[in-house]
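Observations on chain architecture
The lines below spell out each chain.
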Amino acid sequence: MAILSNTLITYSELPTCPPWMSPWHTVASLNLECMASQVVGKLQLCIQKLMVNYGNFMHGLMKENVQLNRKVLSELSMLEPYSFNALVDTSRSAFPGNKTDDIKKITKFQSYPLPMQYLGCPVYCGKKKVVYYNNMVAKVVNKVQGWQTKYLSYGGKAVLIKSVLQSLPLQLLSVVQPSKGVLKQMEKIMASFFWGKDDNRYKKRWKTWGDLCLPGQEGEVGFGSLQDICNSFWTKLWWNFRTQNTLLKEFLEAK
């Protein structure tokens, strides 16, 4: 008997082999077949993520005279993703009629599946999801965790919230409009940091976050509401679009 891939195999269970081949040679050949199937499986999984058919991918490489075995391709897909994406583009170019590939070949642009991050901004299609803005929320959480161990007064916390925490998402809010759930989640983190903890329990909140966002002239702290900041940015974009002659305006009006 022999042990192969955590499975006990007896000689009687092995397939018939020629007289010159011993059962141990058969076990070795089965082991090689198992390893080959694992390599192909990993390669197929990586290709499917790029929305490419495995058969078309291999056939395209053959047409472009790219001579690489499946083991090398599997290692490239895991260790060198950019090189592997270039091979996928090469394989796609072997099949004419794909407009996306033609545009990429002419403009030298690269295509990525949605959702994706471009210059820190989420690019997606369809309904807004909280998960698309996890990076923005994580930046605020990381800043707050670094300050939790320090003894800060309410005035010091207010300065940090105004000058640091509320300035982190400004670049993103100026170009995209997150869902209300994302904005409320970030304001909840800021409020928890402002009121602080006592024996790992949050202290009583004597004011709502909406009251704290009122101006200092009205006796409040003067935090900025993220929803109001977002609305002001989008109002500015709308005004610029209506009053300035830009290429984007001409394109949208032509449609």
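None of the values given here were measured: they were computed from a predicted structure.

With respect to the side chain of Glu-187
Mapped onto the elements of the fold, Glu-187 is located in helix H9 (residues 180-195). No salt bridge is formed by the buried Glu-187. Its closest oppositely charged neighbour is Lys-184, at 7.9 Å. Within the local environment of Glu-187, its side chain forms a polar contact with the backbone nitrogen of Leu-226, the two atoms lying 3.0 Å apart. In contact with Glu-187, not counting residues within four places along its chain, are Trp-209, Ser-225, Leu-226 and Gln-227.

Considering a nonpolar patch on the surface
Together, Leu-114, Tyr-118, Leu-119 and Val-123 make up an exposed nonpolar region whose accessible area comes to about 430 Å². Tracing the backbone shows Leu-114 in the loop between helix H5 (99-107) and strand E3 (116-118).

Some thoughts on the nonpolar core
Ranked by size, the top nonpolar core spans 30 residues in total, and within it Ile-161, Leu-165, Trp-209 and Phe-223 carry the most contacts. Elements with a contribution of two residues or more to this core: helix H6 (134-147), helix H7 (154-163), helix H8 (170-173), H9, helix H10 (209-212) and helix H11 (226-243). Sequence-distant contacts of Leu-165, that is, excluding residues within four places in its chain, are made with Val-140, Lys-143, Val-144, Trp-147, Leu-160, Met-190 and Phe-193. Cys-46, Met-58, Phe-84 and Leu-87 belong to the second-largest nonpolar core, a separate cluster that totals 11 residues.

A few points about the confidence of the model for the protein
The predicted coordinates of low-pLDDT regions are not to be read in fine detail. The predicted model of the protein has a mean per-residue pLDDT of 75, with 79% of residues at 70 or higher. Per-element confidence in the protein ranges from a low mean pLDDT of 43 for strand E1 (residues 2-4) to a high of 88 for H11. Every residue in residues 1-15 scores below 50 in pLDDT, and together they form 24 contacts with partners more than four places removed in sequence or on other chains. Ignoring residues within four places in sequence, the model shows residues 20-32, a span with pLDDT below 50, making 15 contacts including any to other chains.

Notes on H6
Its 14 residues give H6 an end-to-end C-alpha distance of 20 Å, which sits within 8% of 20 Å, the value for a rise of 1.5 Å per residue. Within the span of H6, buried status applies to Met-136, Val-137, Val-140, Val-144 and Trp-147. Buried residues in H6, looked at end-on, bunch into an arc of 95 degrees, giving them a common side. Every exposed residue of H6 that faces more than 90 degrees away from the buried side is listed here: Lys-139, Asn-142 and Gln-145. Those residues of H6 hidden inside the fold are in contact with H7, H8 and H9.

Here's the deal with the packing of helix H3 (residues 70-79) against helix H4 (residues 81-93)
Direction vectors running N to C along H3 and H4 enclose 125 degrees, while the axes themselves pass 6 Å from each other. Put simply, H3 runs oblique to H4. When H3 is examined against H4, the residues Leu-73, Leu-76, Ser-77 and Leu-79 are found in contact with a partner set consisting of Pro-81, Ser-83, Phe-84 and Leu-87. Looking at the contact of H3 with H4 residue by residue, the class counts come to six nonpolar, two polar and no charged.

A word on the packing of aromatic side chains
Per the counting criterion, the structure on display carries nine aromatic pairs. Ring centres 5.4 Å apart and planes at 55 degrees place the aromatic pair Tyr-154 and Phe-194 in the tilted group. Here Phe-194 lies in helix H9 and Tyr-154 lies in helix H7, a separation of 40 residues in the sequence. You can call Tyr-154 partly exposed: its relative accessible area is 41%. When its relative accessible area of 5% is taken as the criterion, Phe-194 is described as buried. For the ring pair Trp-209 and Phe-223, a centre distance of 5.0 Å and an interplane angle of 15 degrees mean the geometry is stacked. Highlighted residues: Trp-209 in helix H10 and Phe-223 in the loop between H10 and H11, separated in sequence by 14 residues. Of the two residues, Trp-209 and Phe-223, both sit in the buried class.

Section: the side chain of Lys-249
With respect to the helices and strands, Lys-249 occurs in helix H12 (residues 247-254). The buried charged residue Lys-249 lacks any salt bridge, with Glu-253 as its nearest oppositely charged partner at 4.2 Å. With sequence-adjacent residues up to four places away left out, Lys-249 is seen in contact with Phe-241, Arg-242 and Gln-244.

Observations concerning H11
With 18 residues, H11 should reach 26 Å at 1.5 Å per residue; the first-to-last C-alpha distance of 26 Å fits that figure. For H11, the set of buried residues is Leu-226, Ile-229 and Cys-230. Looking down the long axis of H11, one finds its buried residues gathered within 100 degrees of arc, a one-sided arrangement. Within H11, the exposed residues directed more than 90 degrees away from the buried face are Asp-228, Trp-238, Trp-239 and Arg-242.

Cut-offs used in this document
Residues numbered from 1 in each chain as written. Predicted model: local features only at pLDDT ≥ 70, side-chain atom pairs only at ≥ 80, totals over all residues. Heavy atoms only, no water. Helix = DSSP H or I, 4+ residues; strand = E, 2+ residues; numbered from the N terminus. Buried < 20%, exposed > 50% of the residue type's maximum accessible area, 1.4 Å probe, protein only. Lys, Arg positive; Asp, Glu negative; His and termini not counted. Salt bridge = Lys/Arg side-chain N within 4 Å of Asp/Glu carboxyl O. Polar contact = N/O pair within 3.5 Å; in protein donor to acceptor, adjacent residues only side chain to side chain. Contact = heavy atoms within 4.5 Å. Patch = residues over 30% accessible without salt bridge, like charges linked within 9 Å, V, L, I, M, F, W, Y side chains within 5 Å. Areas by Shrake-Rupley, 256 points an atom, 1.4 Å probe, with all protein chains shown as cover. Core = buried A, V, L, I, M, F, W, Y, C linked by side-chain atoms within 4.5 Å. pLDDT = per-residue confidence, 0-100. Expected span 1.5 Å × (residues − 1). Arc of directions from axis to C-beta. Axes fitted to C-alpha atoms, helices over the stretch in contact; angles between N-to-C directions. Parallel < 35°, antiparallel > 145°, perpendicular 65-115°, else oblique. Nonpolar A, V, L, I, M, F, W, Y, C, P; charged D, E, K, R; others polar. Phe/Tyr/Trp six-rings, centres within 6.5 Å; stacked < 30°, edge-to-face > 60°.

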